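# Coordinate analysis (summary)
The residues making up each chain are set out below.
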Amino acid sequence: MRPWNFSAGPSALPLEVLQQAAAEMTDWHGCGMSVMEMSHRGKQFTQIRDEAVADLRELLAIPDDYEVLFMQGGATAENAIVPMNLIGRGGAHKADYILSGIWSSKSYKEAQRYGDVSIAATSGEAADIDGVRQEPWTWFPATTEWRLRSDAAYLHLCSNETIGGVEFPSWPDMAALGAPGVPLVVDASSHFLSRAIDFSKAALVYAGAQKNAGPAGVTVVIVRKDLIGHALPVCPSAFDYVNVAASGSMFNTPPTYAIYIAGLVFKWLKKQGGVAAIEAANIAKAQALYDYLDGSGFYLNRIHAGSRSRMNIPFFLHDESLNAEFLAQADKSGLMQLKGHKSVGGMRASIYNAVPLQAVQALVSFMQEFERRYG
Ligand SMILES: *Cc1c(COP(=O)(O)O)cnc(C)c1O
C-alpha cells in the first residue's frame, strides 16, 4: 500500500488518476502519442481541453455567463493578473482586501502596485473573539467588521488560508453588506472543488491546481464575462483575460499535461458522486481529526471554532520538543509530509479530496499511540 500523503501542495492525487495517466503515458487512446507530445491545437488535445472545461462546468454548476480559463503562473501570478484586469473597471482604480492570513496578505501587497488598495478587515493582530484570546491569523474576520468602499472595483478574499488553516464558511452577499455593485474575487486555491461554489456571490474565483485539483502548472480562473475587457494598458497580452478567453486558454501554449491530469481529476470527482458527495466526505474527515484534537490534552489546534478549515488542519504538541520525533515516527508509519509551515511551526495535516477518511483514521490512530507512549 502507498503511504498516506498529507502535503499542503503539491499534494496527493487520486491513485486511480495516476494509474490511468501511467497507462496512457506513451500512447493516449491509441493515437500513438503521449499527451505531452501532442500539438495543443490538434484534435486530440482540443478534445482533452473541451472535456476538462465541460466536466468542471458540470461539477461546479458554473453559469453560462462565466468563462473558465486555464492560465499559468499560479495563484501568485493571479495576485497581479486580477488587479491588472479588474482595477481599471469603473475608473476609480480602487480595490478592497480582507486579510485573513499569509496568502491574502501576499495578494494585498501585490495589488498595491496597481491602484488604491485598502484593507477592509484583518485578523493580523491578536484579539478577543467570543471571549477567547486568539493569536493572529487564527480566525476569519467577521463580515460585520468589514469596511467596504462602494466604489471599489472589487473585494478580494482568500476563502481558505492554507498556511493558517482558517476557512471562510459561506461567502458573503455583497448587496447585504451594502456594496451591491462590488464584485467578489476569491482565491479558493486550497479548497477548490472541496465544496460547492455559490456563483450568485462570487464574480471571479481562482485556484492553483496543485492543492486540490491536479498538478502544479495550471491555474483555473472562473470569471464573470462582464469583468473581462477592462485590463490596464500595462497588462501583458498573455495575462489579459480577453485574450485568454477568446483563444480558449490557448493564447500561448498552455500547460497541456497539467490540464490533462486536472481533467482526469474532474472525471474522478464525477465518479465519486460530484462535489456534494466529496463535500460530505470532507466534513466527516475534518470532524474526525478535530474531534480527536479537541478531546486530547496532548495535542491542540488554535483556530477559532467557526473558522476551522476542512482542508488544512494545523496542530501542535504541548511539548514542542517532541516535534521531530513525532514527524520521524509518522513518516516511518506511512504518514507523510505532516510538518507544519515554517511560519506556524508544529504539524499540519492537509486532507484534500484525494485523501480518504481511512488516511485520517490512520493518522488519528498513530497520534493516539504516540500520545500513549509520550504523554
Ligand atoms: C498555494 C497557494 C497560493 C500560491 O500558489 P502558487 O501556485 O505557488 O502561486 C496562493 N493562495 C493560496 C490560498 C494557496 O494555497
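What comes next concerns the included structure. (Residues numbered from 1 in each chain as written. Predicted model: local features only at pLDDT ≥ 70, side-chain atom pairs only at ≥ 80, totals over all residues. Heavy atoms only, no water.)

### Topic: the layout of surface pockets
Using the following cut-off: Lining residues are defined by having an atom within 4 Å of a point belonging to a cavity or pocket. Those points lie on a 1 Å grid over the protein atoms alone, cavities being sets where a 1.4 Å probe fits but cannot get out and pockets being open sets with protein on both sides within 12 Å along at least five of seven lines. Grid points are joined across faces, edges and corners, and a volume is the space filled by probe spheres set on the points. For the purposes of this entry, the term helix denotes a DSSP run of H or I that reaches at least four residues, the term strand denotes a run of E that reaches at least two, and both are numbered from the N terminus. In this classification, Asp, Glu, Lys and Arg are treated as charged, Ala, Val, Leu, Ile, Met, Phe, Trp, Tyr, Cys and Pro as nonpolar, and every other residue, Gly included, as polar. Note that the domain bounds reflect an automated or database-derived domain assignment.
What the largest pocket holds in volume is close to 490 Å³. For the lining of the largest pocket, the leading source of residues is helix α7 (residues 274-295), giving five residues. Of the residues assigned to the lining of the largest pocket, the class counts are 16 nonpolar, five polar and three charged. Each of two domains, domain 1 (16-271) and domain 2 (274-374), supplies a minimum of three residues to the lining of the largest pocket. Estimates place the volume of the second largest pocket at around 320 Å³. In terms of lining, the second largest pocket is formed by 26 residues, of which the most central are Trp103, Thr162, Ser189, Gln210 and Lys211. Taken together, the elements giving at least two residues each to the lining of the second largest pocket come down to α3 (74-86) and α4 (102-111). Top contributing element to the lining of the second largest pocket by residue count: α3, with four residues. In terms of residue class, the lining of the second largest pocket is built from eight nonpolar, 15 polar and three charged.

### Concerning the pairing of strand β16 (residues 347-350)
Filter applied, for reference: A 1.4 Å probe rolled over the protein chains alone gives each residue an accessible area, and that area as a share of the maximum for its type sets the label: buried under 20%, exposed over 50%, partly exposed in between. By definition, two strands form a pair when at least two bridges between them are found by DSSP.
The alternating pattern of β16 places Met347 and Ala349 and Arg348 and Ser350 on opposite faces, both of which are buried. Bridge count between strand β14 (residues 312-317) and β16: four bridges; the pairing is antiparallel. Across the sheet, Ile313 pairs through a bridge with Ala349, a residue of β16.

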